[in-house]
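Descriptive analysis of the structure
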Amino acid sequence: MKEWTREERYRILKDPEEIRELHERIKESPYRQTFHVQPVTGLLNDPNGFLHYNGVWHLFYQWCPWGAVHGLKYWYHVESKDLVTWKNIGTAIRPDTEYDNKGAYSGSALVTNDGLYLYYTGNHRDENWNRTPFTCIAKLDDNGTVDKAKYPLFGPQNGYTEHQRDPKIIFRRNVRKYNIIIGGQNEQHKGRCLVYESDRPDSGWYFKGELKVPGYEDFGDMWECPSIEQIDGKDVLIFCPQHITLPDRGEAKNHNGYIIGSMDWGMLTFTPDGSFHELDFGFDSYAAECAARLHQWDEGVLIAWMGLPDSSYPTDEEDWSGCLTLPRRLRVRNRRLIQTPLEELVALRDGEADPAEGILPGACEMELFNEEERLDLSLFSDSAGDGGIRISYDPTSKKIIVDRSGLSRKINTDMGNVRTRPLEHGLNHLRIFIDHSSVEIFVNDGDAVFSSRVFPAEEEHCFTCRTNARIHIWNLKPAVKDDFVV
């Protein structure tokens, strides 16, 4: 594994030609994805600025161009007209001012009468490497040019550590107020959300106070990527608590979850109506980003980084890492946030494969209708039916179990190899999306989703179902143009 120096990680990209050879090399990797957004080179992590504007879906991601390393971060821009097929647009926000000299970190976007604004954290470091976070704003013009404001909207708030980042912009139309929620850490190293307010999207911001979430005063030491969404008339607080272990999550310490409750903006209090729940029960999901709402949809749309902080993957050795999940439709059902695949994904189907052959195409969709009380299915097994990821349901424990320990290329084993989810009403349906280095398992029309990176060896291309089930498999067409656009 390459040991990166600080100078290498924080090197400025001056000319696209500096990374052209890297792109040409990594696009030959057997683990490059077919229908998931992935980095043009280097490392991808958090999705940012996800919204619909002028008939196009805009999405940005955190990008370090040099390799599979967290270093100098840019915002990279991709677009889609249907949330299914994506094309690379190029670098959007560059870390090229005093306020973001060591990275343009995560944030969000807002459409106003003046156009599309991007909000992000400017990661400033002084000569002694002391960090100062700034909340910055830029404007995306119709020609694709990004114009940064001369000065940040505001700097760090006293009483908190240097960990203040990931601005989420919210417009409260009923009172004509703009709010920004920042993920933070207080001086006692407890995770918090900070709230700012203004009458304008681009100026006049002031600190309104700390968000109170009763019962969650000691829940991780940092809250990243916070957001408050309205889904099906319910207030939903989405955030990523760090450095805390949770039941049924092994030794994983960074989580991606939500609380349903009621938001009182006057009192700056989010009152939970239930517990913290994981958004995704798989091994690799973090930094979920909800898109701006469309009037014709009652639901929201969510996309996340299919990865985790403090994790490594086999493609690190190839100098690239990361991809995003498929966008999911959001609903609330029985006091839970439900994620289901977009209906538009059926357009990728390109002929059926014969399930009797027991072969998994490199990019495919599997639909399984369970015909027994129990289930025993293995994906990425060898030709003898051994190994792979085992998906099972036990009617006695009433749990679905996903066990990745049978894969030959094991990753991040310190976080555990088993994930579970209670299913009180049994398991009757799975819809599974398999790409060259990922699997997303949707259970019972949204009862659960398990998203995980997988890196099967050449012989791990089969599947085995040991219980009775009706199975359909569709080959999927490419949906992401792996073009070199910087």
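For the structure, check the block above.
In what follows, the accompanying structure is described. The structure displayed is predicted, hence computed values, not measured ones. Counting restarts for each chain, with residues numbered from 1 along the sequence as it is written. At least 70 in pLDDT is required for a residue's local features to be given in this predicted model, at least 80 for side-chain atom pairs to be given and counted, and no such filter applies to totals for whole chains, interfaces and linings, which use all residues. As a convention, hydrogens and water are excluded, and side-chain values are obtained from all of the structure's heavy atoms.

The next thing to look at is the overall build of the protein. Strands here mean DSSP runs of E at least two residues long; helices mean DSSP runs of H or I at least four residues long; both are numbered from the N terminus. For the protein, the count of helices and strands is 2 helices and 33 strands. Its C-alpha atoms give the protein a radius of gyration of 22 Å, near enough to 23 Å, the size a compact globule of 486 residues would have. Dimensions of the protein along its principal axes, counting C-alpha atoms only, are 65 × 50 × 40 Å. Across the 486 residues in the protein, those meeting the buried criterion constitute 60%. Excluding contacts between residues fewer than 6 apart, the proportion of contacts in the protein whose partners are at least 24 apart in sequence is 59%. All accessible-area figures derive from a Shrake-Rupley calculation using a 1.4 Å probe, and residue coverage is judged against the displayed protein chains alone. Surface summary for the protein: the accessible area is close to 19500 Å², and the carbon and sulfur share equals 44%. Radius of gyration: over C-alpha atoms. The globule rule applied is 2.2 Å multiplied by the number of residues raised to the 0.38 power. Here's how the labels work: a residue is buried when its accessible area is under 20% of the maximum for its type, exposed when over 50%, partly exposed in between, all with a 1.4 Å probe on protein chains only. By definition, residues are in contact when any of their heavy atoms lie within 4.5 Å.

In spatial order, the strands read 5-6-7-8; together these 4 strands make up an open sheet with antiparallel pairing. The open sheet has two edge strands, strand 5 (104-112) and strand 8 (146-148), and neither has a second partner. Mean inter-strand twist for the sheet, computed between neighbouring axes without regard to direction, equals 30 degrees. Sheet topology places strand 6 (residues 115-125) next to strand 7 (residues 131-140); 10 bridges connect them, and they run antiparallel. Bridge pairing links Tyr119 to Ile137 in strand 7. The criterion for strand pairing is that DSSP finds at least two bridges linking the strands in question. Between N-to-C directions, angles cover 0 to 180 degrees, with each direction set by a line fitted to C-alpha atoms, over the stretch in contact for helices.

In this structure, Tyr178 sits in strand 10 (residues 177-186). Owing to a relative accessible area of 10%, Tyr178 belongs among the buried residues under this scheme. Sequence spacing of Tyr178 and Asp414 is 236 residues, and the spatial spacing of their C-alpha atoms is 42 Å. Among residues more than four places away in sequence, those in contact with Tyr178 are Leu110, Ile169, Ile170, Phe171, Tyr196, Glu197, Ser198, Asp199, Arg200, Pro201 and Trp205.

So, about the packing of aromatic side chains. Any two of the Phe, Tyr and Trp rings considered here, Trp counted by its six-membered ring, make a pair once their centres fall within 6.5 Å; the pair's planes then place it as stacked at under 30 degrees, edge-to-face at over 60, or tilted in between. On inspection of all chains with the given rule, the structure shows 21 aromatic pairs. Ring centres 5.2 Å apart and planes at 80 degrees place the aromatic pair Tyr31 and Phe455 in the edge-to-face group. Of this pair, Tyr31 sits in the loop between helix 2 (17-26) and strand 1 (42-53) while Phe455 sits in the loop between strand 31 (448-453) and strand 32 (462-465), and the two are 424 residues apart along the sequence. Accessibility classification places Tyr31 together with Phe455 in one group, the buried group. Taking 6.0 Å as the distance between ring centres and 45 degrees as the angle between the ring planes, the aromatic pair formed by Phe281 and Phe450 counts as tilted.

A word on the side chain of Asp284. Mapped onto the elements, Asp284 comes out in the loop between strand 17 (277-278) and strand 18 (286-290). Among buried Asp, Glu, Lys and Arg side chains, Asp284 stands out as unpaired, with Arg404 the closest opposite charge at 4.4 Å. Within the structure, Asp284 has its side chain in polar contact with the backbone nitrogen of Arg453 (distance 2.9 Å). Sequence-distant contacts of Asp284, defined by excluding residues within four places in its chain, comprise Trp305, Met306, Gly307, Leu308, Tyr313, Arg404, Ser451, Ser452 and Arg453. Neither His nor the chain termini are counted; the positive set is Lys and Arg, and the negative set is Asp and Glu. Definition used for salt bridges: Asp or Glu carboxyl oxygen within 4 Å of a side-chain nitrogen of Lys or Arg. For the purposes of these results, a polar contact is taken to be a pair of N or O atoms within 3.5 Å, where, inside protein, one atom must be able to donate a hydrogen and its partner to accept one; residues adjacent in sequence count only when each atom of the pair is a side-chain atom.

Pairing in this open sheet of 4 strands is antiparallel, and the strands run 9-10-11-12 from one edge to the other. Each edge of the open sheet is held by one strand with a lone partner, namely strand 9 (160-172) and strand 12 (206-210). Looking at each pair of strands side by side, their axes are set apart by 30 degrees on average, direction ignored. Pairing of strand 10 with strand 11 (residues 191-198), which is carried by 8 bridges, proceeds in the antiparallel orientation. Following the sheet pairing, Ile180 is matched in strand 11 by Tyr196.

The next point concerns empty space enclosed by the protein. Lining residues are defined by having an atom within 4 Å of a point belonging to a cavity or pocket. Those points lie on a 1 Å grid over the protein atoms alone, cavities being sets where a 1.4 Å probe fits but cannot get out and pockets being open sets with protein on both sides within 12 Å along at least five of seven lines. Grid points are joined across faces, edges and corners, and a volume is the space filled by probe spheres set on the points. On inspection of all chains with the given rule, the structure shows 8 cavities of 30 Å³ or more. Taken as a whole, the largest cavity holds about 140 Å³ of empty space. Lining the largest cavity are 18 residues, and of these Gly107, Cys225, Pro226, Ala288 and Glu289 sit closest to its centre. Looking at the lining of the largest cavity, the elements with two or more residues in it are strand 1, strand 5, strand 9, strand 13 (223-231) and strand 18. In this classification, the charged set is Asp, Glu, Lys and Arg, the nonpolar set is Ala, Val, Leu, Ile, Met, Phe, Trp, Tyr, Cys and Pro, and all remaining amino acids, among them Gly, are polar. Looking at the lining of the largest cavity, its residues break down into 8 nonpolar, 5 polar and 5 charged. Its boundaries defined by the atoms lining it, the second largest cavity holds a volume of some 70 Å³.

Ranked by internal contacts, the top residues of the largest apolar core, which has 55 residues, are Phe35, Phe50, Tyr61, Trp63 and Trp86. Per-element accounting of this core gives the leading share, 5 residues, to strand 2 (residues 56-64). Working definition of a nonpolar core: buried Ala, Val, Leu, Ile, Met, Phe, Trp, Tyr and Cys residues. They are joined through side-chain atoms within 4.5 Å. If you look at the next biggest cluster of nonpolar residues, it comprises 31 residues, including Phe283, Leu368, Ile400 and Phe463.

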